[in-house]
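# Architecture at a glance
So the chains spell out like this:
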Amino acid sequence: MPRFDLRKLGWSADLADTLPLGLEPGRVIAAHRGGYDVQTAAGAVRTRLPGRLLRACTDVAVGDWVALGDGLVRVVLPRRTAIVRQAAGTTTRPQTLAANVDLALVVSSLGPDLEPRRIERYLVVVWESGATPEIVLTKADRLDDPSAHVRMVEAVANGVPIHVVSALSGHGCERLRRRLERGRTAVLLGSSGVGKSTLVNRFVGRELMPTRETRTDDDEGRHATTRRELVVLPGGGALIDTPGLRELQLWDGDSGIDAAFADLERLAGACRFRDCSHTREPGCSVLAAIDSGELPLERLSSWRKLQRELHATAIRQDARLCREEARRWGRLVREAGTRSRRRR
Ligand SMILES: Nc1nc2c(ncn2[C@@H]2O[C@H](COP(=O)(O)OP(=O)(O)O)[C@@H](O)[C@H]2O)c(=O)[nH]1
Ligand SMILES: [Mg+2]
Ligand SMILES: [Zn+2]
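Here we summarise the structure given alongside this text. For clarity, every value in this text was computed on a predicted model and none was experimentally measured. Numbering of residues starts from 1 in every chain and runs along the sequence as written. Numbering of ligands from 1 and lettering of chains from A proceed in the order in which they are written. Residues qualify for local features only when their pLDDT is at least 70, as the model is predicted, and side-chain atom pairs are given and counted only at 80 or more; totals for whole chains, interfaces and linings, by contrast, use all residues. Excluding hydrogens and water, the side-chain figures rest on all heavy atoms present in the structure.

## Points about the overall build of the protein chain
Helical segments are the DSSP runs of H or I of at least four residues, strand segments are the runs of E of at least two, and each set is numbered from the N terminus. The number of helices and strands found in the protein chain is eleven helices and 13 strands. Dimensions along the principal axes, computed over C-alpha positions, put the protein chain at roughly 75 × 60 × 45 Å. The method behind every accessible area is Shrake-Rupley, applied with a 1.4 Å probe, and residues are considered shielded solely by the protein chains displayed. As presented, the protein chain carries roughly 18,500 Å² of accessible surface, and 51% of it is formed by carbon and sulfur atoms. For this count, His and the chain ends are skipped, Lys and Arg are scored as positive, and Asp and Glu as negative. Here the site of a charge means NZ on Lys, CZ on Arg, CG on Asp, or CD on Glu. Between the mean site of the 55 positive side-chain charges and the mean site of the 44 negative ones, the protein chain shows a separation of 8 Å.

## Some words on the coordination of the zinc ion (ligand 3)
The zinc ion (ligand 3) binds to the protein through Cys271 (SG), Cys276 (SG), His278 (ND1) and Cys284 (SG), with metal-donor distances spanning 2.1 to 2.4 Å. Here the zinc ion (ligand 3) binds four donor atoms, and the angle range of 104 to 116 degrees at the metal identifies the geometry as tetrahedral. Along the chain, the residues donating to the zinc ion (ligand 3) fall in the pattern C-x4-C-x1-H-x5-C. With Cys271 in the loop between helix H9 (262-268) and helix H10 (285-291) and Cys284 in the loop between H9 and H10, this residue pair connects regions lying 13 residues apart in the sequence. Note on classification: 1.4 Å probe, protein chains only; a residue is buried when its accessible area is under 20% of the maximum for its type, exposed when over 50%, partly exposed between these limits. We classify Cys284 as buried; its relative accessible area is 6%. A donor here means any N, O or S atom no more than 2.8 Å from the metal (3.2 Å for Na, K and Ca); water is not included, so a site may seem to lack partners. Angular criteria define each label, namely tetrahedral for four donors with all angles between 85 and 135 degrees, square planar for four and octahedral for six donors with opposite donors over 155 degrees apart and remaining angles between 65 and 115, and irregular for whatever fails these tests.

## Here's the deal with helix H3 (residues 116-129)
Counted at 1.5 Å a residue, the expected span for H3 with its 14 residues is 20 Å, and the 20 Å between its end C-alpha atoms agrees. Across the 14 residues of H3, ten count as buried, placing the element largely inside the fold. Turning to H3, its buried residues are Pro116, Ile119, Glu120, Arg121, Tyr122, Leu123, Val124, Val125, Val126 and Ser129. What a helix is expected to span follows from its residue count: subtract one and scale by 1.5 Å.

## Quick word on the sheet that holds strand E2 (residues 36-40)
Think of it this way: DSSP has to see at least two bridges between two strands before they count as a pair. One open sheet accounts for five strands, arranged E3-E2-E1-E4-E5; its pairing is antiparallel. Looking at the sheet topology across the chains shown, the edges are occupied by strand E3 (43-47) and strand E5 (72-76). In this sheet, adjacent strand axes meet at a mean angle of 45 degrees when their direction is disregarded. Working convention: axes come from line fits to C-alpha atoms, limited for helices to the stretch in contact. Angles between N-to-C directions cover 0 to 180 degrees.

## Re the nonpolar core
Here, nonpolar core means buried Ala, Val, Leu, Ile, Met, Phe, Trp, Tyr and Cys residues that are tied together by side-chain atoms lying within 4.5 Å of each other. Ranked by internal contacts, the top residues of the largest apolar core, which has 68 residues, are Ile119, Ile135, Leu137 and Val286. Contact criterion: two residues are considered in contact whenever any of their non-hydrogen atoms come within 4.5 Å of each other. Beyond its immediate stretch of four places on either side in the chain, Val286 contacts Leu264, Leu267, Ala268, Cys271, His278, Leu295 and Leu300.

## Some words on a positive patch on the surface
A cluster of basic residues, Arg323, Arg327, Arg331 and Arg334, forms a positive patch at the surface. Relative to the helices and strands, Arg323 is located in helix H11 (residues 297-343). Residues with no salt bridge and a relative accessible area higher than 30% make up the patches, which join like charges within 9 Å and nonpolar side chains (Val, Leu, Ile, Met, Phe, Trp, Tyr) within 5 Å. When a carboxyl oxygen of Asp or Glu is within 4 Å of a side-chain nitrogen of Lys or Arg, the pair counts as a salt bridge.

## Let's talk about the pattern of salt bridges
Across all of its chains, the model carries 18 salt bridges by this definition. A salt bridge links Arg7 to Asp5; the nearest nitrogen and oxygen atoms lie 3.2 Å apart. With a relative accessible area of 53%, Arg7 lands in the exposed category. The partly exposed category is assigned to Asp5, whose relative accessible area is 27%. Here Arg299 ties to Glu120 by a salt bridge, and the two come within 2.7 Å at their closest N and O atoms. Highlighted residues: Arg299 in helix H11 and Glu120 in helix H3, separated in sequence by 179 residues. Each member of the pair, Arg299 together with Glu120, is buried. What you see here is one network of salt bridges that share partners, running through Arg117, Glu120, Asp263 and Arg299.

## Here's the deal with the sheet that holds strand E13 (residues 236-240)
Strand order across the open sheet formed by six strands is E10-E9-E8-E11-E13-E12, with mixed pairing between neighbours. Looking at the sheet topology across the chains shown, the edges are occupied by strand E10 (162-164) and strand E12 (230-233). On average, each strand axis in the sheet is tilted by 25 degrees relative to the strand beside it, whichever way the strands run. Where strand E8 (residues 103-109) meets strand E9 (residues 132-138), seven bridges bridge the pair, whose relative direction is parallel. Within E9, the position partnered with Ser109 by the bridge is Thr138. The sheet strands contacting H3 are E8, E9 and strand E11 (185-189), and the helix crosses E9 at an angle near 150 degrees.

## Some words on the packing of H3 against helix H4 (residues 147-157)
Close contact between H3 and H4 brings their axes to 9 Å; oriented N to C, the two are set at 35 degrees. Where H3 crosses over H4, the handedness of that crossing is right-handed. Mapping the contact onto sequence places Pro116, Arg117, Ile119, Glu120 and Leu123 in H3 and Met152, Val153, Val156 and Ala157 in H4. Three residue categories are used. Nonpolar comprises Ala, Val, Leu, Ile, Met, Phe, Trp, Tyr, Cys and Pro, charged comprises Asp, Glu, Lys and Arg, and polar comprises the others, including Gly. When its residues are assigned to classes, the contact of H3 with H4 shows seven nonpolar, no polar and two charged. Take the far helix as the reference: if the near one is turned anticlockwise from it by less than a right angle, the crossing is left-handed, and if turned clockwise, right-handed.

Rendered as structure tokens:
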């Protein structure tokens, strides 16, 4: 049987230490409605969670290291990093987009659809995850001179490296590929249509991922079940493609906001008042920086908006905890009642 060297995907002695005796390690390379594809040393296998882990709402994502026994996932090994958002829809719950990621590539395409505010939001989520962010601006071939766009992104990047690439001409692709090293994991994050899958195909050297052209209506279902989200690159390194996200709402983000807005935090540290709200206080260095043009006003607005959003999410999370707690107590009280009636 052909052996697959899991070290290509980052398997390490530290991870081996966390593996329960007698179980087989593997890495989740795709998630489907009914289960997961896991890459093991013996090959890729289709597996699922046993009822006990399903009932415990065990969170498994592409990139997770798991321990298999009797064909089922028995344990999810501890994560180093996790890219988490508030799940789309109305329920308050986290959704992990990718786990154990070293490098998170925030992808946008150059052109009229470039949105620096969206990049800012992605950077908060990535900083919060523990992964290192880098920005990738695609479709450079569409512009004669992308420098004005790049400056717009620099204004929100706060020093995060920016790659300008074209999958069409190959411009910048080699430099980006060098960031994807053996044993490390990178993820591509960004809206639908920015060219993530096209980049994966370029790095793999063949049409592995369906892109907008290769996709047809009757293809859709087939790809949804056979598609690999985590691919092993020819040089060793893992690259995770994600489907385009319509929204990326914050789940956690205190430290992510601090890191993504380090420029603002630095200024705020120099305000005269410790609890300065940067609205009208005397001696406010944030407002002074806006007056002098050092800090764009939009950046302060985004900072406020993201903080408000995080605050609102935290309140919803608390409310959910309270409801769960109340249900648990209700159950305990009912059970105690049944027991005492039985005794009588
Ligand atoms: N002009 C140009 N088009 C690109 C480039 N990369 C991707 N595209 C096109 O953008 C569209 C979306 O690409 P796709 O990889 O499916 O985007 P994804 O949704 O982010 O995975 C397709 O029509 C691609 O051919 C590029 O570098 N230049
Ligand atoms: Mg895609
Ligand atoms: Zn201030």
